[in-house]
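An overview of the molecular structure
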Amino acid sequence: MKKREFWFVVGSQFLYGQDVLDTVETRAKEMAAELSKVLPCPLVYKVTAKTNKEIADVVKEANYHDECAGIVTWCHTFSPSKMWINGLASLQKPYCHLATQYNKEIPNEEIDMDFMNLNQAAHGDREHGFIAARLRMPRKVIAGYWQDEKVHKRLSDWMRAAVGVAVSKEMKVMRFGDNMREVAVTEGDKVEVQTKLGWQVNTWAVGDLVKEMNAVTDAEIDALVAEYEANYDIATDNTAAIRYQAREELAMKKMLDREGCKAFTNTFQDLYGMEQLPGLASQHLMAQGYGYGGEGDWKVSAMTAILKAMGEGGNGASGFMEDYTYHLVEGQEYSLGAHMLEVCPSLAADKPRIETHHLGIGMNEKDPARLVFEGKEGPAIVASLIDMGGRMRLIVQDIEAVKPILPMPNLPVARVMWRAMPDLTTGVECWITAGGAHHTVLSYDVTAEMMRDWARMMDIEFVHITKDTTPEKLEEELLVKDLIWKLK
Ligand code: MN
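Residues numbered from 1 in each chain as written. Predicted model: local features only at pLDDT ≥ 70, side-chain atom pairs only at ≥ 80, totals over all residues. Heavy atoms only, no water.

1. Some details on the coordination of the manganese ion
At this site the manganese ion is bound by Glu 295 (OE), Glu 322 (OE), His 339 (NE2) and His 439 (NE2), with donor distances of 2.0 to 2.7 Å. Mapped onto the polypeptide sequence, the residues donating to the manganese ion form the spacing pattern E-x26-E-x16-H-x99-H. Residue Glu 322 is located in strand E11 (residues 318-329), and its partner His 439 is located in strand E18 (residues 439-443); the two are separated by 117 residues in the primary sequence. Residue classification places Glu 322 among the buried positions, given a relative accessible area of 10%. (Donors = N, O, S within 2.8 Å, 3.2 Å for Na, K, Ca; no water. Helix = DSSP H or I, 4+ residues; strand = E, 2+ residues; numbered from the N terminus. Buried < 20%, exposed > 50% of the residue type's maximum accessible area, 1.4 Å probe, protein only.)

2. Details of the pattern of salt bridges
Between side chains of opposite charge, pairing is possible as soon as their charged atoms come close. Applying the stated criterion across every chain, the model contains 30 salt bridges. Of the charged contacts in the structure, one is a salt bridge between Glu 54 and Lys 50, with a shortest N-O distance of 3.2 Å. Residue Glu 54 is classed as partly exposed on the basis of its relative accessible area of 25%. For Lys 50, a relative accessible area of 18% puts it in the buried group. (Salt bridge = Lys/Arg side-chain N within 4 Å of Asp/Glu carboxyl O.)

3. Focus on the state of the cysteines
Inspection of every chain in the model, using the stated rule, returns zero disulfides. There is no disulfide at Cys 75, and the cysteine sulfur nearest it, in Cys 96, is 13 Å away. You can call Cys 96 buried: its relative accessible area is 0%. (Disulfide = S-S within 2.5 Å.)

4. Examining the side chain of Asn 103
Following the sequence through the fold, Asn 103 ends up in the loop between strand E4 (95-99) and helix H4 (113-118). Asn 103 gets classed as buried once you look at its relative accessible area, which sits at 14%. Of the polar contacts made by the side chain of Asn 103, one reaches the backbone oxygen of Glu 105; its length is 2.8 Å. Residues in contact with Asn 103, not counting those within four places in the same chain, are Phe 115, Asn 119 and Tyr 145. (Polar contact = N/O pair within 3.5 Å; in protein donor to acceptor, adjacent residues only side chain to side chain. Contact = heavy atoms within 4.5 Å.)

5. Notes on a negative patch on the surface
On the surface, Asp 423, Glu 429, Glu 472, Glu 475 and Glu 476 cluster together into a negatively charged patch. By residue number, the principal contributor to the negative patch is helix H15 (residues 471-487), which donates three residues. Looking at where Glu 429 falls in the secondary structure, it is placed in helix H13 (residues 424-434). Since its relative accessible area comes to 45%, Glu 429 is described here as partly exposed. (Patch = residues over 30% accessible without salt bridge, like charges linked within 9 Å, V, L, I, M, F, W, Y side chains within 5 Å. Areas by Shrake-Rupley, 256 points an atom, 1.4 Å probe, with all protein chains shown as cover. Lys, Arg positive; Asp, Glu negative; His and termini not counted. Charge placed at Lys NZ, Arg CZ, Asp CG, Glu CD.)

6. Topic: the sheet that holds strand E9 (residues 263-265)
Strand order across the open sheet formed by four strands is E7-E6-E9-E10, with parallel pairing between neighbours. Because the sheet does not close on itself, it has two edges, and the strands there are strand E7 (200-204) and strand E10 (291-293). For this sheet, the mean inter-axis angle between neighbouring strands, taken without regard to orientation, is 20°. Sheet topology places strand E6 (residues 172-176) next to E7; five bridges connect them, and they run parallel. (Pairing = 2+ DSSP bridges. Axes fitted to C-alpha atoms, helices over the stretch in contact; angles between N-to-C directions.)

7. Some thoughts on the pairing of strand E16 (residues 392-402)
With ten of eleven residues buried, E16 is to be regarded as a mostly interior element. Hairpin geometry of strand E15 (residues 378-387) and E16 is characterised by an intervening segment of four residues between the two adjacent antiparallel strands and by a positive phi of about 80° at Gly 389. Two strands pair when backbone bridges link them, and E16 and strand E19 (residues 461-465) are joined in this way by five bridges, in the parallel orientation. Counted as the bridge partner of Leu 394 is Phe 462 from E19. Bridge analysis of E16 against strand E17 (residues 415-420) gives four bridges, and the strand direction is antiparallel. When the sheet's bridge partners are listed, Ile 399 is paired in E17 with Ala 420.

8. Considerations on the packing of aromatic side chains
Here the structure, examined in full by the defined rule, presents seven aromatic pairs. Measuring from centroid to centroid gives 6.2 Å for Phe 8 and Trp 74, while their planes differ by 5°, and the two rings are stacked. In this pair, Phe 8 sits in strand E1 (residues 5-11) while Trp 74 sits in strand E3 (residues 68-74), placing the two residues 66 residues apart along the sequence. Each member of the pair, Phe 8 together with Trp 74, is buried. Aromatic pair Phe 264 and Tyr 292: ring centres 5.1 Å apart, planes at 55°, arrangement tilted. One end of the pair, Phe 264, is in strand E9; the other, Tyr 292, is in strand E10, and 28 residues separate them in sequence. (Phe/Tyr/Trp six-rings, centres within 6.5 Å; stacked < 30°, edge-to-face > 60°.)

9. Here we look at the environment of Val 372
By the secondary structure assignment, Val 372 is in strand E14 (residues 369-372). Judged by its relative accessible area of 1%, Val 372 falls in the buried class. The sequence separation of Val 372 and Lys 488 amounts to 116 residues, and the corresponding C-alpha distance is 46 Å. Aside from chain neighbours lying at most four places away, what touches Val 372 is Pro 352, Arg 353, Glu 355, Leu 411, Pro 412, Val 413, Ala 414 and Arg 415.

10. Section: the packing of helix H8 (residues 206-214) against helix H10 (residues 239-259)
Each pair of packed helices gets described by two things: the angle between the helix axes and the distance between those axes. At a closest axis distance of 8 Å, the pairing of H8 and H10 adopts a crossing angle of 115°. The handedness of the crossing between H8 and H10 is right-handed. Here H8 contributes Asp 208, Leu 209, Glu 212, Met 213 and Asn 214 to the contact with H10, which in turn contributes Tyr 244, Arg 247, Glu 248, Ala 251, Met 252, Lys 254, Met 255 and Arg 258. Broken down by class, the residue content of the contact of H8 with H10 amounts to six nonpolar, one polar and six charged. (Left-handed = near helix turned anticlockwise from the far one by under 90°. Nonpolar A, V, L, I, M, F, W, Y, C, P; charged D, E, K, R; others polar.)

11. Some remarks on the sheet that holds strand E13 (residues 353-356)
What holds strands together in a sheet is hydrogen bonding between their backbones, with the strands either parallel or antiparallel. Spatially, three strands are ordered E8-E13-E14 in an open sheet, and the strand pairing comes out mixed. Each edge of the open sheet is held by one strand with a lone partner, namely strand E8 (233-234) and E14. Pairing of E8 with E13 involves two bridges; the strand directions are parallel. From the neighbouring strand, Asp 233 faces E13, where its bridge partner is Arg 353.

12. Looking at helix H12 (residues 298-310)
Here H12 is 13 residues long and its end C-alpha atoms lie 18 Å apart, about the 18 Å a rise of 1.5 Å per residue gives. Capping the start of H12, Asp 297 holds a side-chain oxygen 3.4 Å from the backbone nitrogen of Lys 299, two or three residues further along. (Expected span 1.5 Å × (residues − 1).)

13. Some details on the environment of Val 210
Among the secondary structure elements, Val 210 is positioned in helix H8. Of the residues examined, Val 210 reaches a relative accessible area of 14% and is grouped as buried. Along the backbone, Val 210 and Leu 478 are 268 residues apart, and their C-alpha atoms lie at a distance of 45 Å. For Val 210, the residues in contact, after removing those within four places along its chain, are Tyr 272, Gly 273 and Met 274.

None of the figures reported here should be taken as evidence of function without further support.
Dropping the structure here:
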């Protein structure tokens, strides 16, 4: 997060004279410096722009500056916005219009025509907003006093979404094996996602991974097992299984880092030359920020890595999840989420345990070691990216995670329990109507608004299932959106 920055571009014009322009610049620098103290990334003051060329120049620079993850604009004074057209038309970075004002109050005694000349964001920001609307610019508008916590929170969230855009454009996914045979929702157009989202999704042979595993040394395994012991309770005598998972993790990490991949997939149908499906190995890689998707699901893998990056430094976590089974007792309706093995330990409420159990699915010769735990409580979202043919659709549902209401002592995998919005069965009807997958990214950190911002910046369809959604309204919304996205 800290290696990214955002640029503060302030609009004005020559009309007011140098004194006013100097004051605008001094204040804009002060605002950028103060805001940088509370935002996840620095806000760097760039220019008080008075001409078409100054705006076009700063946009060109922003487009080619790797660290610049977006621009934030504001008009302290009036900035005639025809001079913004050339710049905005070539902007390739996320864009937020901060409609704010340097002063909080109208000063009763002090206000005169000079004050009005200097402090006219109320109409300056409207002129600026018009041209962005006229140009159909995807952008976020945040209005409010720049020192208010609410504004800080919203600007922070937008920045996180924009960082998600930067991470998306650099995303490389390593696939070990193909998708699980015959599964539809994990498929997708890799050329389309590379064009639209920037993802490079490619395959590596499982045989190459096995070769890499064979080259891992005992000393490397000792060091990683010591790390497991420091972070997790060991609840198995099967040390060999834990050491085997460490071998798998070390080999996968070497290959991922060598290729610059931040996400990976594998499938239980292709473990040729491996004794165990990576469980603990994949879980511990996810804890380090790598994305993962089971059964070859590269879309959910990349999304997991992106949400992890967007939520960096948050209180909760983001991880790969799968809706497994329901509790349908009236008044106690919950989803139970889990996976065969691979649930990210950053979701855990308490210290996870390493256990080994038989896994009947796939070609496991030996019992795989895995982390077992219960998920945290609290408000969260689940997100699913699906390929609708010709476009991507991002579906986000608000959920309330709870402490699992049953101990489930014989369940050999990590589990998270939640109540979907608006309620379990209506939520399921909405999710299924929209085509949401069984695999999701569950996040306690990233909000639906952040995902909406991300989808807008990536120019993909966004569907949000909230406490107020009804299947009838959703059906209409999907019908209208289908038309709109066909026209786009
Ligand atoms: Mn699965």
